[in-house]
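Fold and geometry: a report
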Amino acid sequence: MAMSLGRTVLARAARRSLSSSSRYNINNNASILGGAFNNNSRWFSSYPPHEVVGMPSLSPTMETGTIAAWNLGEGDSFNAGDSICTVETDKATVDFEAQDEGVVAKIIVQAGGGEIPCGTPILVTVEDEADVPSFKDFVVEAAAPAAAPVEEAAPTPAPTPVAAAPTPAAAPAAAAPTGERVLASPRAHTLAKEKGYGEISALRIVGTGPGGRIIAQDVLEYDPSSAPAPVVAETTTAAAATPAAAAPAAAAASTPLPEPVQGPGYTDYSLPTSAMELASRLHTSKQNVPHYYLSIDLSLESLMELRSSLNSTMKLDENDGGISVNDLLMKAAAAAMKTVPAANASWMENFIRVYDSVDINVVVGNGSSLYAPVIRDAGRRGLKALSDDVAAATAVVEGEEGSDPTTVPGFGDVGTFTMVNLGMFGVKSAAPIIREPQACALALGVIENRIVPNDDAESEEIYKESVMMTATLSCDHRVVDGAVGAQWLSAFKNHVENPVTLLL
């Protein structure tokens, strides 16, 4: 399986006020960021429709950042994937990319202006270039008082929406007194009105953008007749999320879930935010990506011998931090990416982006505890370092070091490739869903003894017993055609069956 993030890298944005920190996720390179814009509670009444963009938080521990350079100026238009500016942190320099099209109306903070707290406004964007002159004198200080009455008024009507929460029809009505609006791009708002839907906040559209943000494509695909009706579980989730709006999005993953609800002949189980987000991305990816699948059988005898030799040298076994078969297969996948770099790429609508670093999402856990932390730069790092990262992720999921998955390095991030090993469940092969914007995902089957033709010319036996595994590669045909996918699998097979090449 694999997860998706709608054509750009996964990003999370704060859902409310300027004081809320945005949450973003870095793609494989430190220089590439899939961005999402942080919406204010509402548009300021004296200005045309716009969005105020806050300084993104690039990691769970980041508190400040510095704008190194603006790649666009005021009045410049941009499309999804365009770099808005370059942000420096204490760990990396990354490009802040747009999720939707728009126009830069006002740059609030100039480049080189020192450290900026996360969530602090840095620019304003609009959809129509004709609206840019209206923001010539826009200042943050003028915007602040407009937001104050909304916050002060919130405690007064607060009991009303809480009391009405169990009633399905009350959820949309509660948005008006609180002044809240859904997280959506300007283009999405305009399309909703052009199609006669009215205000987008009145629609039950499931956003597929970062952090559940509604983008233009969501509105285009919206079908009023099939819009989901609100349920109690959704109301409960929304109510629980409101007081935590200023907290990092990843903190929601550790929030206790409501108790299962018993019904006549069924039981309803609430889902964590991460599971709902994963489901949305998988659904979108399966619709958008033209999948095709290639399978190959692998002989693991040489790989098993190398693993045994390495662990014996380190005087470790798999339970004591030794190298596992999965670690070696992950390293082989990274090595295959070096041989066929065209597979380590993303579809970017009007161009294909090929990455230098191989960052692998390794799926661990199952059910509501299913996560895919990123193992960074797997092609250049040693086996032991990769093994330690995977072991740390697995330990957290299994509860050995606490139940909070946000402690796993790379939690929630999107790499350039995904691996899932279903062999532990006895599955021989699987066809995983690609996680956008990745172009490939690899599923590994069970390790088993099989009778195969004997390739030893000196042996009198026609057949022999061999340790085998079936691997299936899912490919995005827009990026990786059949020939390239076959080349990658051939390279992967060569590294697995000649594992000494992994040490080069």
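Up top is the structure.
Note that the structure is predicted; figures quoted are calculated from it, not measured. (Residues numbered from 1 in each chain as written. Predicted model: local features only at pLDDT ≥ 70, side-chain atom pairs only at ≥ 80, totals over all residues. Heavy atoms only, no water.)

**As for the pattern of salt bridges**
Pairing of side chains with opposite charge becomes possible as their charged atoms draw close. For clarity, the threshold we go by: Between Lys or Arg on one side and Asp or Glu on the other, a salt bridge is scored when a side-chain nitrogen of the former is within 4 Å of a carboxyl oxygen of the latter. Strands here mean DSSP runs of E at least two residues long; helices mean DSSP runs of H or I at least four residues long; both are numbered from the N terminus. Partly exposed residues are those whose accessible area sits between 20% and 50% of the maximum for their type, while under 20% is buried and over 50% is exposed, using a 1.4 Å probe and protein chains only.
Taken as a whole and judged by the stated rule, the model has 11 salt bridges. Across the pair Lys384 and Asp388 runs a salt bridge, and its minimum N-O distance is 2.7 Å. Of this pair, Lys384 and Asp388 both sit in helix H11 (residues 383-397), 4 residues apart, roughly one helical turn. Here Lys464 ties to Asp455 by a salt bridge, and the two come within 3.1 Å at their closest N and O atoms. Taking the relative accessible area as the measure of exposure, Lys464 reaches 27% and is therefore partly exposed. Judged by its relative accessible area of 66%, Asp455 falls in the exposed class. Each of the salt bridges in this network shares a partner with another, and the network as a whole consists of Asp297, Glu448 and Arg450.

**Some details on the packing of aromatic side chains**
Basically, it comes down to this: Between rings of Phe, Tyr and Trp, where Trp is taken as its six-membered ring, a pair exists when centres lie within 6.5 Å; planes separated by under 30 degrees are stacked, by over 60 edge-to-face, and by other angles tilted.
Taken as a whole and judged by the stated rule, the model has 5 aromatic pairs. Ring centres 5.1 Å apart and planes at 70° place the aromatic pair Tyr47 and Phe138 in the edge-to-face group. A residue pair is termed long-range when its members are at least 10 positions apart, and Tyr47 in the loop between strand S3 (32-34) and strand S4 (51-54) and Phe138 in the loop between strand S12 (121-126) and helix H1 (140-153) qualify at 91 residues. Taken together, a centroid distance of 5.9 Å and an interplanar angle of 50° make the contact between Phe135 and Phe138 tilted. For the pair Phe135 and Phe138, one class covers both residues: buried. Grouped by ring-pair contacts, the aromatic residues Tyr47, Phe135 and Phe138 constitute a single cluster.

**So, unusual backbone geometry**
Glycine aside, the phi torsion of most residues is negative, and most peptide linkages are trans. Across the junction of Glu436 and Pro437, the peptide omega takes the value 5°, indicating a cis bond. Among the structural elements, Pro437 can be located in the loop between strand S20 (417-421) and strand S21 (440-444). Residue Glu349 is not a glycine yet carries a positive backbone phi of 75°. On the secondary structure map, Glu349 appears in the loop between strand S16 (345-347) and strand S17 (352-354). For Asp377, which is not glycine, the phi torsion reads 50° and is therefore positive. Tracing the chain through its elements places Asp377 in the loop between strand S19 (374-375) and H11.

**Digging into a nonpolar patch on the surface**
Applicable threshold: The patches described consist of residues with a relative accessible area above 30% and no salt bridge, like charges being joined within 9 Å and nonpolar side chains (Val, Leu, Ile, Met, Phe, Trp, Tyr) within 5 Å. The method behind every accessible area is Shrake-Rupley, applied with a 1.4 Å probe, and residues are considered shielded solely by the protein chains displayed.
A cluster of nonpolar side chains, namely Ile451, Ile462 and Tyr463, defines an oily patch on the protein surface of about 380 Å² accessible area. Among the structural elements, Ile451 can be located in strand S22 (residues 448-453).

**Brief notes about the pairing of strand S10 (residues 102-107)**
Inclusion rule: The pairing criterion for strands is at least two bridges between them, as found by DSSP.
Burial of S10 is extensive: 6 of the 6 residues sit out of reach of the surface. Pairing between strand S7 (residues 77-78) and S10: 2 bridges, direction antiparallel. Residue Ser77 lies in a different strand from S10, and its bridge partner there is Val103. Note that S10 and S12 share 4 bridges and pair antiparallel.

Worth remembering: the numbers are spatial, not functional.
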